[in-house]
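Listed below are the residues making up each chain.
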Amino acid sequence: DAGITQSPRYKITETGRQVTLMCHQTWSHSYMFWYRQDLGHGLRLIYYSAAADITDKGEVPDGYVVSRSKTENFPLTLESATRSQTSVYFCASSESGPGQGHTGELFFGEGSRLTVL
Amino acid sequence: SQKIEQNSEALNIQEGKTATLTCNYTNYSPAYLQWYRQDPGRGPVFLLLIRENEKEKRKERLKVTFDTTLKQSLFHITASQPADSATYLCALDLAMDTGRRALTFGSGTRLQVQP
């Protein structure tokens, strides 16, 4: 199906384990983003990417690793999960920035709910 | 450091009234600002874009203003309906490098429209 999909939708893991959250989009959008959402903090930017092989740190990158070897995929890895990383993670993509005829809107996935015990 | 502030308290209004939500930012001069709607358990959905050279933008019952002097955007929903109940978020691009996009969100304001 076309769109942006995240997997898994729900994940329970233990402290110290490595976890990878997958994000796949079928539009060939250049820009992709990872956010985490916690009560009281809203959406916080973890990493963002302008194109394949270009990634940048956002507000809260510590403890996370990303890669973007292909335009359509943007996996997020927690190398050694901690309880503070329990959250809902959203991936998003965007075709371009706001330009001629473009709003630069972000399209979000349905989220991945991660619990670290 | 850059900061984006939205009213953390929920806004409760009666159906048919106008809801006004505020987004303030500091230490930055964004080229544009976006508003999104988020329903419980779902990802945010884009609503409107306003650029720095635009004072106001409208879309159906939605109106957004952008005051770069005050560093503030106001989001209005006229003739509000219970279906408008959701959390509304503003977002700014805080990337320093052109070609990069660091869309950063405020914490959102929850709107509750009472029938």
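Residues numbered from 1 in each chain as written. Chains lettered and ligands numbered in written order. Predicted model: local features only at pLDDT ≥ 70, side-chain atom pairs only at ≥ 80, totals over all residues. Heavy atoms only, no water.

### Some details on the sheet that holds strand β3 (residues 19-25) of chain A
All names here are of chain A.
(1) Moving on: Ordered in space as β1-β3-β8-β7, the four strands form an open sheet in which the pairing is antiparallel. The open sheet is flanked by β1 (4-7) and β7 (64-66), the only strands paired with a single partner. Within this sheet the neighbouring strands show an average axis-to-axis angle of 15 degrees, counted without direction.
(2) Moving on: With four bridges connecting them, β1 and β3 associate as antiparallel partners. In the sheet register, Gln 6 faces β3, and the bridge partner there is Cys 23. (Pairing = 2+ DSSP bridges. Helix = DSSP H or I, 4+ residues; strand = E, 2+ residues; numbered from the N terminus. Axes fitted to C-alpha atoms, helices over the stretch in contact; angles between N-to-C directions.)

### Remarks on the environment of Ser 80 of chain A
All names here are of chain A.
(1) Moving on: Along the chain, Ser 80 turns up in the loop between β8 (76-78) and β9 (87-94).
(2) Moving on: The partly exposed category is assigned to Ser 80, whose relative accessible area is 41%.
(3) Moving on: Expressed as a C-alpha distance, the spacing of Ser 80 and Tyr 31, which sit 49 residues apart in the sequence, is 27 Å.
(4) Moving on: When neighbours within four sequence positions are excluded, Ser 80 is seen to be in contact with Gly 16, Arg 17 and Gln 85. (Buried < 20%, exposed > 50% of the residue type's maximum accessible area, 1.4 Å probe, protein only. Contact = heavy atoms within 4.5 Å.)

### Description of the packing of aromatic side chains
(1) Moving on: For the coordinates displayed, the defined rule picks out 13 aromatic pairs over all chains.
(2) Moving on: Here Phe 108 of chain A and Tyr 36 of chain B contribute two aromatic rings whose centre-to-centre distance is 6.1 Å and whose plane-to-plane angle is 85 degrees, an arrangement assigned as edge-to-face. Of this pair, Phe 108 of chain A sits in strand β10 (residues 107-108) while Tyr 36 of chain B is found in strand β4 (residues 32-38), placing the two residues in two different chains. For the pair formed by Phe 108 of chain A and Tyr 36 of chain B, the shared burial category is buried.
(3) Moving on: Ring geometry for Phe 108 of chain A versus Phe 105 of chain B: centroids 5.9 Å apart, planes at 70 degrees, classification edge-to-face. Taken as a pair, Phe 108 of chain A in strand β10 and Phe 105 of chain B in strand β10 (residues 103-105) lie in two separate chains rather than in one. Residue Phe 108 of chain A shares its accessibility class with Phe 105 of chain B, and that shared class is buried.
(4) Moving on: Among the aromatic side chains, those forming a connected cluster through ring pairs are Phe 33, Tyr 35, Phe 90 and Phe 108 of chain A together with Tyr 36, Phe 46 and Phe 105 of chain B.
(5) Moving on: Its end group placed over the ring of Tyr 31 of chain A, Arg 101 of chain B keeps NZ or CZ at 5.2 Å from the ring centre. (Phe/Tyr/Trp six-rings, centres within 6.5 Å; stacked < 30°, edge-to-face > 60°. Lys NZ or Arg CZ within 6 Å of the ring centre and 35° of its normal.)

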